[in-house]
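A look at the structure
Below, each chain spelled out in residue letters.
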Amino acid sequence: MLPNDITNNLRHKPRAYQIDALAAWLKYIDGKPNKPVQLLFNMATGSGKTYIMAALMLDLYRRGWRNFLFFVNSTNILEKTRDNFVRVNSPKYLFAPSIKIDGKFVRVREIRSFYESDPNAINILFTTTQRLHKDLNVPHENRISHAELAQYNLVLIGDEAHHNNAKNNLYRQAAFGNWESTVEKIQRQNPRTMLLEFTATMDFEDETIRDKYHKRTLFQYDLRKFRQDGFSKEVLLYTASDDLPERELQAIILSQYRKFVAQKNDISLKPVVMFKSRTVYENKTSLADFELLLLHLTPEKLSEISAKSTGVLRNAFAFFTSNNIRFEQLCQELQQDFCPENLLRMDGGQQISRQTQHAVNTLEASDNNYRAIFAVDMLKEGWDVLNLFDIVRLYETRDGKTKNGVYIPGKTTISEAQLIGRGARYFPFTIDDNCDKYRRKFDDDLENDLRILEQLYYHSAHDVKYIQEIQQVLDETGITNFANE
């Protein structure tokens, strides 16, 4: 049983594996561990790492900690995290509307300095690893300093922690050392300062990293186990020899199929499609071309696609027919739902505005009308989206290579697999009072239209070598099990 101060103050009930993670924490912390405390939670994308963070904040508050320093590799992720922890009206907010610990109401506050902290509140300072490292090692007025941190019992919470190793990070300036040395100095100054790290993708095959985290890893729940337990979408490859515009149309037709299936079953769902480009220029061009494609879409074109459809696309058109959805209606609705106002472009490397960041982090919200995102190298990390069901690869290049007779997938394919992993987050829905809304329900009911709500399709050209490459990477990461299917 978890303490009521945890379960009563979270917005959602914990899942079974989250209870296991928190139970491991309680056993560890109640065992009077050696100081300083440095722990890793190695949990799959979509398994609720931020939920565990919120639960730990509540437990540590009742144990006397008040100040939390949250850091992550990317500035863009911070806005999403603020939604999780401090914005009560956000649909992503993780705490209960009111928090009560030891009989007293507790606020959660964002602060800019620990000198502002309230001894009766959960105080969170948000920053990036780069900013924190620089602030602490290049003294500057109105910035965090080692002297400030030494005065407080802190909990350092690091998300996407695989970036925080000297081998991988960007903070190896000879003038003031690497990130590990900064953390060591913080904890030397105050041994009660804890370091809690979270990631889905720690490279344990690297001997240095494996040795470093061998004793620190408190809980592991990898993506393969997460998928096997039914908590993710089923990922499928949708390959076609058709030209790119037709593949784009196939994706939005499947998306509209999901929308109609959900409506028929009283499920509130606005499915989203992602179109992934290789460069910023191509992304802009792809968006403009898509707008023209929809502008000139006709019922006759949809009839042509229907006549040669197979597999899930044939199922979609069969559903339209059986529910009296004619090509004229389908054409009109596609043009309305995927109009320019409902398309969002995000280019790689850009500093995303708060408004755009909020839009992409609240795609499930009822007042968010975006149906498609055109992106380059974005959204691989820190993106919580449940209603992404189709990803369309708009290019056909590969960058894998053969070394010593072994084929090694390229960085592009690995990046694509990471994106697919984020899209594989399950969209929760219920069909009766007895089902688990967070788990797949139709793995053994292949003819049920609702099964389309549990699947993510990755659309690409029919390139045999590329298909083998992406299947290999997806299998290795545990997102799929093509090799045994």
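Above this note sits the structure.
Remember, it's a predicted structure, so these values are computed and weren't measured experimentally. (Residues numbered from 1 in each chain as written. Predicted model: local features only at pLDDT ≥ 70, side-chain atom pairs only at ≥ 80, totals over all residues. Heavy atoms only, no water.)

Turning our eyes to something else, we now look at helix α3 (residues 49-62). Here α3 contains 14 residues, and its C-alpha end-to-end distance of 20 Å stays within 8% of the 20 Å for a straight helix at 1.5 Å per residue. In terms of burial, α3 is largely enclosed, as 13 of its 14 residues are buried. Following α3 by one or two positions, Gly64 has its phi on the positive side, about 115 degrees. (Helix = DSSP H or I, 4+ residues; strand = E, 2+ residues; numbered from the N terminus. Expected span 1.5 Å × (residues − 1). Buried < 20%, exposed > 50% of the residue type's maximum accessible area, 1.4 Å probe, protein only.)

Turning our attention to the packing of aromatic side chains. All told, the structure shown has 24 aromatic pairs when counted by the stated rule. Ring geometry for Tyr17 and Phe226: centres 6.0 Å apart, planes at 90 degrees, overall edge-to-face. You can see Tyr17 sitting in helix α2 (residues 16-30) and its partner Phe226 sitting in helix α9 (residues 223-228), a full 209 residues away along the chain. By relative accessible area, Phe226 is classed as buried at 1%. Where Phe226 meets Phe231, the ring centres are 5.9 Å apart and the plane angle is 15 degrees; that geometry is what we call stacked. The exposure classification of Phe226 matches that of Phe231, with both residues buried. Members of the aromatic cluster, connected to one another through ring pairs, are Tyr257, Phe260, Phe317, Phe319, Phe320 and Phe327. The ring of Phe389 carries the charged tip of Lys233 above its face, separated from the ring centre by 4.8 Å. The lysine or arginine in question, Lys441, covers the ring of Phe429, its NZ or CZ lying 4.4 Å from the ring centre. (Phe/Tyr/Trp six-rings, centres within 6.5 Å; stacked < 30°, edge-to-face > 60°. Lys NZ or Arg CZ within 6 Å of the ring centre and 35° of its normal.)

By the criterion of burial, strand β5 (residues 121-128) is predominantly enclosed, with eight of the eight residues buried. Burial along β5 is two-sided: Ala121, Asn123, Leu125 and Thr127 facing one way and Ile122, Ile124, Phe126 and Thr128 facing the other are all buried. Examined bridge by bridge, strand β2 (residues 67-72) and β5 share six bridges and lie parallel to one another. Bridge pairing links Phe70 to Phe126 in β5. Note that strand β4 (residues 104-110) and β5 share four bridges and pair parallel. Each residue of the ladder has a partner; that of Glu110, found in β5, is Ile124. (Pairing = 2+ DSSP bridges.)

With that out of the way, let us pick up the sheet that holds strand β1 (residues 38-43). One open sheet accounts for eight strands, arranged β3-β4-β5-β2-β6-β7-β1-β8; its pairing is mixed. The open sheet has two free edges, formed respectively by β3 (99-101) and β8 (217-221), since each of these has just one partner strand. Here the strands of the sheet are splayed against their neighbours by 20 degrees on average, with no regard to which way each runs. Sheet topology places β2 next to strand β6 (residues 154-158); five bridges connect them, and they run parallel. Residue pairing across strands places Leu69 opposite Leu156, the latter belonging to β6. Across the sheet, α3 touches β1, β2, β3, β4, β5, β6 and β7 (194-199), and the angle it forms with β7 is around 165 degrees. (Axes fitted to C-alpha atoms, helices over the stretch in contact; angles between N-to-C directions. Contact = heavy atoms within 4.5 Å.)

What follows deals with the sheet that holds strand β10 (residues 272-276). Taken together, the six strands give an open sheet; going across it, the order is β9-β16-β13-β10-β12-β11, and neighbouring strands pair in parallel fashion. A single partner strand is all that each edge strand has here, and the edge strands are β9 (234-240) and β11 (343-346). Neighbour-to-neighbour, the strand axes of the sheet open up by a mean angle of 20 degrees, direction not taken into account. Of the pairings in the sheet, the one linking strand β13 (residues 388-393) to strand β16 (residues 455-461) comprises three bridges and is parallel in character.

What follows covers the pattern of salt bridges. Taken as a whole and judged by the stated rule, the model has 23 salt bridges. With a shortest N-O distance of 3.0 Å, Arg131 and Asp135 are connected by a salt bridge. In this pair, Arg131 and Asp135 are both assigned in helix α5 (residues 129-137), four residues apart and thus about one turn of the helix distant. For Arg131, a relative accessible area of 42% gives the class partly exposed. Residue Asp135 is classed as buried on the basis of its relative accessible area, which comes to 5%. Note that Glu304 is salt-bridged to Lys301, the shortest N-O span being 3.3 Å. Pair noted here: Glu304 and Lys301 are both in helix α12 (residues 299-307), with a separation of three residues, about one helical turn. We classify Glu304 as partly exposed; its relative accessible area is 41%. We classify Lys301 as partly exposed; its relative accessible area is 25%. (Salt bridge = Lys/Arg side-chain N within 4 Å of Asp/Glu carboxyl O.)

Our next topic: the nonpolar core. As a rule of thumb, soluble globular proteins bury nonpolar side chains together. Ranked by internal contacts, the top residues of the largest apolar core, which has 76 residues, are Trp25, Phe85, Phe95 and Ile124. Per-element accounting of this core gives the leading share, 10 residues, to α3. If we skip the residues at most four places from it in the chain, Ile124 touches Met57, Phe68, Phe70, Phe85, Val86, Val108, Arg109, Glu110 and Ile111. In terms of nonpolar packing, the next biggest core, distinct from the first, is built from 47 residues, Ala251, Tyr257, Leu293 and Leu343 among them. (Core = buried A, V, L, I, M, F, W, Y, C linked by side-chain atoms within 4.5 Å.)

Quick look at the state of the cysteines now. A full pass over the atoms with the stated rule returns zero disulfides. Summary of cysteine pairing: Cys331 is not part of a disulfide, and the nearest cysteine sulfur, belonging to Cys339, is at 14 Å. (Disulfide = S-S within 2.5 Å.)

Turning next to the packing of helix α10 (residues 244-264) against helix α11 (residues 280-295). Remark: α10 packs on α11, axes separated minimally by 11 Å, with the N-to-C direction vectors making an angle of 70 degrees. In terms of orientation, α10 and α11 fall into the roughly perpendicular class. Along the contact surface, α10 presents Pro245, Glu248, Leu249 and Ile252, while α11 presents Phe290, Leu293 and Leu294. Of the residues in the contact of α10 with α11, the class split is six nonpolar, no polar and one charged. (Parallel < 35°, antiparallel > 145°, perpendicular 65-115°, else oblique. Nonpolar A, V, L, I, M, F, W, Y, C, P; charged D, E, K, R; others polar.)

Before going further, it helps to spend a moment on the packing of α10 against helix α14 (residues 327-337). Relative orientation of the contacting elements α10 and α14 amounts to 100 degrees, with a least axis distance of 11 Å. The angle between α10 and α14 places the two elements in the roughly perpendicular class. The segment α10 lies against α14, with Ile252, Ile253, Gln256, Lys259 and Phe260 engaging Leu330, Glu333, Leu334 and Asp337. Class assignment for the residues of the contact of α10 with α14 results in five nonpolar, one polar and three charged.

The next thing to look at is the side chain of Asn368. Take Asn368: it is sitting in the loop between α15 (354-361) and β12 (372-375). If sequence neighbours within four positions are ignored, Asn368 has contacts with Lys270, Ala359, Thr362 and Leu363.

None of the figures reported here should be taken as evidence of function without further support.
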